[in-house]
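# Breakdown of the fold
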Amino acid sequence: MPEPERQPVTRLAPSPTGALHLGNALTFMTNWALARRLGWRILLRIEDLDGPRIKQGSDGQAIALLRWLGIDWDEGPVYQSADLAPYRAALQSLAERGVIYPCTATRREIAAALSAPNAGEHELRYPGLHRPAGGRYRFDADAPPLLGDDGTCWRLIVPDEPVAFEDALHGQYSVNIQQQVGDFVVATKAGLPAYQLAVVVDDARQGVTQVVRGDDLLDSAARQVLLYRLLGLGELPSYTHLPLVYGPDGLRLAKRHGDTRLATYRDAGMPAERVVGLLAYYAGLTDTPRPMPADAFAERLDPGRLYREPVRLTDEDDRWLRQS
Ligand code: GLU
């Protein structure tokens, strides 16, 4: 008898940083609507390992805001911080194969070692300062702890070759990770699994088959694909990286564009249907913004024709949102 087909699984994965804004909302709405249209199971995963960016109590706020928009889920919330054992096991397996190594370099040392540092860039390419000679680390009893807060991070030995994967909107996408960021961090100096590792371990163990998120994470996907393969985690999820929302000046939506946090709109008494209506307009589901509930957003969404252009929040949109 043929195996019954497994139900696809997607995840909503907010980082509880207290800043759920219109941009995140568009991605979550689209992910949720795709799932509801295509019969995917939805898991809510709270990504609360991201050190200093995490704000106390923001998980509850993020959950309340998703609900306010009309988004629901079938499972969760699951908190990454609840159990570090699966991440530790993955690190252990990488360490035993000698493909990760400890590094104590400071940001300043890394910058100094770069011949042409990219001033102002958030992520410096790691120039291999502590990479073991011979390209393999000898993991033994003297090695620093994998998740210790002793100022050591662990980095992956990244091959100098392209890593390619398929994205629903970007097609075949390929990144030479070594040239882009070098040996990236898989466990942080604070003794926590790094985002790239945590996401891969979780997507695999939670059976996630559909990853839908903003295209700021497209390059990260290559790092995750590499980890998927190194950890032998089987079939990759399908990736869909959606365009981001930008401010009137063309820069990525941020504080400088005023307060576009959902909490601010909600607390000012704006009905969620106005926000959802604007998101529907952004997603190309209507020609003009008009209030609608989440269900109507899902009904209108054509899974085969997702929006492909970056979205720009205009002053007019902002005025439209604020009139009630
Ligand atoms: N937690 C991440 C964020 O809020 C999303 C990670 C992911 O979808 O892989 O940006």
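Please refer to the structure placed before this passage.
Model, not experiment: these values are computed from the prediction.

Helix and strand content of the protein chain: eleven helices and twelve strands. A globule of 324 residues ought to have a C-alpha radius of gyration of about 20 Å, and the protein chain, at 21 Å, matches this closely. Across its three principal directions, the C-alpha atoms of the protein chain cover 65 × 60 × 35 Å. The long-range share in the protein chain, meaning contacts at least 24 apart out of those at least 6 apart in sequence, stands at 75%. Carbon and sulfur atoms provide 48% of the accessible area of the protein chain, an area that totals close to 15800 Å². Between the mean site of the 36 positive side-chain charges and the mean site of the 42 negative ones, the protein chain shows a separation of 2 Å.

A few words on the environment of Asp 50. Along the chain, Asp 50 falls in the loop between β2 (41-46) and α2 (58-69). Under the relative-accessibility criterion, Asp 50 is labelled partly exposed at 30%. Once the C-alpha coordinates of Asp 50 and Ala 194 are considered, the two residues, 144 residues apart in sequence, prove to be 7.6 Å apart.

In this fold, Pro 52 is placed in the loop between β2 and α2. By relative accessible area, which is 83% here, Pro 52 ends up exposed.

Our next topic: the site of the ligand. Every residue near the ligand is listed here: Arg 11, Ala 13, Ser 15, Glu 47, Tyr 195, Val 199, Arg 213 and Leu 217. A distance of 2.8 Å separates an oxygen atom of the ligand from a polar side-chain atom of Arg 11. Residue Tyr 195 places a side-chain N or O atom 2.9 Å away from an oxygen atom belonging to the ligand. Split into classes, the residues belonging to the shell around the ligand amount to four nonpolar, one polar and three charged.

What follows covers the pairing of strand β6 (residues 162-167). On a regular strand, each side chain points to the face opposite its neighbour's, so the side chains alternate between the two faces of the sheet. Because side chains alternate across β6, one face comprises the buried residues Val 163, Phe 165 and Asp 167, and the other comprises Pro 162, Ala 164 and Glu 166, none of which is buried. Both β6 and strand β7 (residues 171-176) contribute to a ladder of six bridges, which runs antiparallel. If you follow Val 163 over to β7, its bridge partner there is Val 175. The antiparallel pairing of β6 with β7 creates a hairpin that spans three residues between the two strands.

We now examine helix α1 (residues 22-38). With 17 residues, α1 extends 24 Å between its outermost C-alpha atoms, agreeing within 8% with the 24 Å of an ideal straight helix rising 1.5 Å per residue. Along α1, 13 of the 17 residues are buried, which leaves the element largely enclosed by surrounding structure. Looking at the residues trailing α1, positive phi occurs at Gly 39, about 75°.

By the definition in use, this model includes five aromatic pairs. When the ring of Tyr 281 is compared with that of Tyr 282, the centres are 6.1 Å apart and the planes differ by 35°; the resulting orientation is tilted. Taking relative accessible area as the criterion, Tyr 281 reaches 30% and is therefore assigned partly exposed. Judged by relative accessible area, Tyr 282 falls into the buried class, the value being 8%. Pairwise contacts between aromatic rings join Tyr 137, Phe 139 and Trp 154 into one cluster. Arg 155 extends its terminal NZ or CZ atom over the ring of Tyr 126, reaching a point 3.6 Å from the ring centre. Here the guanidinium or amino end of Arg 274 rests over the ring plane of Trp 320, the centre of that ring lying 4.1 Å away.

Rules used throughout
Residues numbered from 1 in each chain as written. Predicted model: local features only at pLDDT ≥ 70, side-chain atom pairs only at ≥ 80, totals over all residues. Heavy atoms only, no water. Helix = DSSP H or I, 4+ residues; strand = E, 2+ residues; numbered from the N terminus. Rg over C-alpha atoms; globule rule 2.2 N^0.38 Å. Contact = heavy atoms within 4.5 Å. Areas by Shrake-Rupley, 256 points an atom, 1.4 Å probe, with all protein chains shown as cover. Lys, Arg positive; Asp, Glu negative; His and termini not counted. Charge placed at Lys NZ, Arg CZ, Asp CG, Glu CD. Buried < 20%, exposed > 50% of the residue type's maximum accessible area, 1.4 Å probe, protein only. Near = heavy atom within 4 Å. Polar contact = N/O pair within 3.5 Å; in protein donor to acceptor, adjacent residues only side chain to side chain. Nonpolar A, V, L, I, M, F, W, Y, C, P; charged D, E, K, R; others polar. Pairing = 2+ DSSP bridges. Expected span 1.5 Å × (residues − 1). Phe/Tyr/Trp six-rings, centres within 6.5 Å; stacked < 30°, edge-to-face > 60°. Lys NZ or Arg CZ within 6 Å of the ring centre and 35° of its normal.

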